[in-house]
Amino acid sequence: MAKLNLLLLAVLVACALGLVTSQHKGRKLFSELERERDRARELDIEYGRLQLEASTWGLHSRVERIAAGTLGLRTPDPRTVRLVGRESGR
Amino acid sequence: MTGAVGAAAQGLVRLPVWRARFVLAALLAGFSALVLRALYLQAVKTDFLQEKGDARYSRLLEVPATRGRVFDRNGEALAVSTPVKSIWAIPQDVALKPAQKRKLAALLGITTSELDKKLADPSRDFVYLKRQLPPDTAEAVIELGLPGIYDQREFRRYYPAGEVTAHLIGFTGVDDTGQEGVELAHQDSLGGRAGSRRVIKDRLGRIVEDVESIRAAQDGKDLTLAIDSKIQNVAYNALKGAVAANRAKAGAIIALDVRTGEVLALANVPSFNPNNRTRLSGAQLRNRVITDLFEPGSTLKPFTIALALESGKVTPHTTIPTAPGRLTIGKYTIRDVHPASTLTVAQVIQKSSNVGAARIALSMPREAMWDFFHAVGFGSVPQLGFPGAAAGKLRPYHTWKPVEQATMSYGHGISLSLIQLARAYTVFATDGELVPLTLVKSDAVATGERVVSPQTARAVRAMLESAVQPGGTGPRARIMGWRVAGKTGTAHKQENGGYAAQKYIASFVGLAPVSSPRVVIAVMIDEPAPPHYYGGEVAAPVFSQVMQGALRLLGVPHDAPLEPLEPPSGAEAAGEST
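Since the model is a prediction, treat every value here as computed from it, not as a measurement. (Residues numbered from 1 in each chain as written. Chains lettered and ligands numbered in written order. Predicted model: local features only at pLDDT ≥ 70, side-chain atom pairs only at ≥ 80, totals over all residues.)

Caption draft 1: Local environment of the packing of helix α4 (residues 98-108) of chain B against helix α6 (residues 135-143) of chain B. Residues and elements named next belong to chain B. Relative orientation of the contacting elements α4 and α6 amounts to 170°, with a least axis distance of 10 Å. With respect to their mutual orientation, α4 and α6 come out roughly antiparallel. Of α6, the residues touching α4 (which contributes Leu104, Leu107 and Leu108) are Thr137, Ala140 and Val141. Of the residues that constitute the contact of α4 with α6, the class distribution is five nonpolar, one polar and no charged. (Axes fitted to C-alpha atoms, helices over the stretch in contact; angles between N-to-C directions. Helix = DSSP H or I, 4+ residues; strand = E, 2+ residues; numbered from the N terminus. Parallel < 35°, antiparallel > 145°, perpendicular 65-115°, else oblique. Contact = placed C-beta atoms within 7 Å. Nonpolar A, V, L, I, M, F, W, Y, C, P; charged D, E, K, R; others polar.)

Caption draft 2: Region of interest: helix α3 (residues 46-57) of chain B. Under the 1.5 Å per step criterion, the end-to-end length of α3(B) is 17 Å for 12 residues, consistent within 8% with the ideal 16 Å. Taken across its 12 residues, α3(B) has zero buried, putting it largely on the surface. (Expected span 1.5 Å × (residues − 1). Buried ≥ 20, exposed ≤ 12 C-beta atoms within 10 Å, placed from the backbone.)

Caption draft 3: Layout of the interface of chain B and chain A. Each partner contributes residues to the interface: chain B has 24 residues there, and chain A has 20 residues. Elements supplying a minimum of two residues to the side of chain B that touches chain A: β3 (77-89), β7 (207-215) and α10 (229-245) of chain B. No other element matches β3(B), which puts five residues into the side of chain B that touches chain A. Residue composition of the side of chain B that touches chain A, by class: 11 nonpolar, seven polar and six charged.

Caption draft 4: Local environment of unusual backbone geometry. Residues and elements named next belong to chain B. Following Val269, the chain continues into Pro270 via a peptide bond in cis, with omega recorded as 0°. The omega angle of the peptide bond from Pro530 to Pro531 is 15°, so this bond is cis rather than trans. By the secondary structure assignment, Pro531 is in the loop between β19 (519-526) and α19 (535-538). At Ser352, a residue that is not glycine, the phi angle is positive and equals roughly 55°. The topology assignment puts Ser352 in the loop between α13 (345-350) and α14 (354-362). Positive phi outside glycine occurs at Asp431, with the angle close to 65°. Looking at the element boundaries, Asp431 is found in the loop between α17 (418-429) and β15 (433-434). The exposure class assigned to Asp431 is partly exposed, which follows from the 17 C-beta atoms found within 10 Å.

Have a look at this one:
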C-alpha cells in the first residue's frame, strides 16, 4: 500500500512539474507571437510610409519638371512614334 | 475513595464536563464563522473580489485599426494613414519652470502664452496640447520628463497628390473619419473598427497570456479607384492653365473610359491642399463636376438632334429654314451668331444654330423631349455613391411653354452637372448606349442601356466630328493623329433670376477616337474674361490637350494621318450665342 502511494506521489510530482514547464513554454511562445505581431504592425506602418514616400517622390508634376528641366526631355513628335500592339497591328 | 485516590495517584484529574463542551462549542462557533465568511465572500462578494484580483494582472488592451489606403488604377498611393502622436496634459498635475515652459512650447510649435491658456483651467483633467505631431518631436517632448504630460498615438491621413486629386478623394477629419469625397463615400469600408482584448501582464508589463478577445480589430479595406493619376495630372494642369490664362472664376473637367464607364480623371479649379486645410474657402471646396449645376448651353443640341433623327422626323440632310437668323416666340427672340437662310440638320450642329435647334425641337411633342432627356440621365442623381451628387433640374413637361421647349433644345432652362453631361455623351460614343459610371476600378466591360439606335448615334457622332473641323465651332479641339468629335457650348450665366450679359460658361464635350471611341471628356470654364469666352476658344483647347494626353497614356492606336493640323481661321467660326 505504501509503495503504491509513493509511486502515485512520484507521478503526481512529475505531472505538476510538466504542467509548470508547459505553461512556462506556452507563455514564452505567446510573448514571442506578441512580439512578431507588433513587428508585423510596425512593418505595415513602415510600408504605408514608404508608399507615401514613393508617391511623393514619384509625383507626376515632379517627374515632369525634372524630365523637362534638368534632363531636357520632351514629348516626341507623334509622327516619329510607331504604335505596336495587338489592336493596331501596325 | 479508592477510585479517586487511584486516579489521582496515576496523575489523572477528572475535569468538569462543561469545560469540554465549552471548547467544542467554541470550535464549532469558530468554524461556522469561517464558513459563513467564506460563503459571504464566495457567493455575495465574488464579483467585486474577482474584479479586484483581475485588476492586479489582467489588462484591457485597445487594438487599433488602421484606415484603408486609397490607390489609383495603377497602384499609386493617393491617401495613406500613418501614425503620429498627440501630446496631452492633466493641467492640475503640470508644474513647469519658466525654462521648461519655453522648451515645451518651442517643441510643440506654439507660444508660451498659448500654452498657458491651454493649461489655465485646472478643473479639466484632459487637455490636448498639440495634436498630430511627428513621432520624433513627440518623443522629444516625452523625454523632457515633465509631470502631467503624456502622449497618445493617433493616425493622420496624407495625400501625396495634394491639390490635384483633392476634390475626388476628399479628406478625413482629425479623428481619421471621412468628411468629403471618396473618403466619406467609402467610410464604411475604408474606416477600420478598433477592437479590444483582455490579456494578463507580468510585473514588467509584458503580455504573458491572451485571456479573451472582446472584439477583433478590423483594419479598413484598401480601395483602388478608377482614376489614372497621370491623366488626372494632365487634366488638372491643363485646366489650371486655362483658368489662369482666361482669368476665369473656376473650371472643371472629367474624363471617362467609354468601355468600362470608369472615371479616369476628375478635377476642379480652384483647388485646395488636403494636407493643410487651415484656410479653406467655400469656392475651393466646391466640386463643380458632381455637386454643382449649370446650364449647359449648346452642348445639349446633339440630344435634340438625336431625338429628331430617332423619331424619323428628319435625316442629317433635311434642310431647316433658319432665315433671318432670328426666331420670335411670344415676346422672346432666339438669335444666331452666324445668320443663315437654310441649314441642314448636320449644319445646325456644326454651326451651332440656335434657331435651327429650336425649330427642330418645336416639331416634336414636349413629352418625347422630356422622356429622352430623362433617359440620358438628366434630372436624376447619377449612381456614383458620391456624397452630394446633384440631380439637376428637368422640370415636368406639362409645365413647359413653347418658348421653354425651344430654349431647352439648346440647353437653356435646364441645368445639370458636368458628370451628367459627360455620361450622356457616352450615348454617342457607344453606338447608342448610356454607360453606368464608376469611381472604383472595374475591369469588366460596362453594360450600357440602349437609348438610341446605332444609326442615330453614328449620325450624331459624324455631325460632332464636323463641328470640330474648320468651319465648325470647335476646330481647336482637334488632335494630330486621332479623329475627334465634340460640341462647344457658350451659355449665358444665370444671375438673380435672369441671364447676365457679360458672364458666360464656356464648355466643350467630346470623344475620341471617332473610329472606335474610347474616351469622353467634358470641360467647363466658369466666367472666362472677355474677349475670349466662346467654348471653342476657351474650353476646346483644354479638351484637346487632355484628350491627347489620355489617348497617348492609354495607348490608343491612331486613326487619322499624322499630319500637322491647319490652324483654325480666326476666332470667327467659334462664335455662338449659347
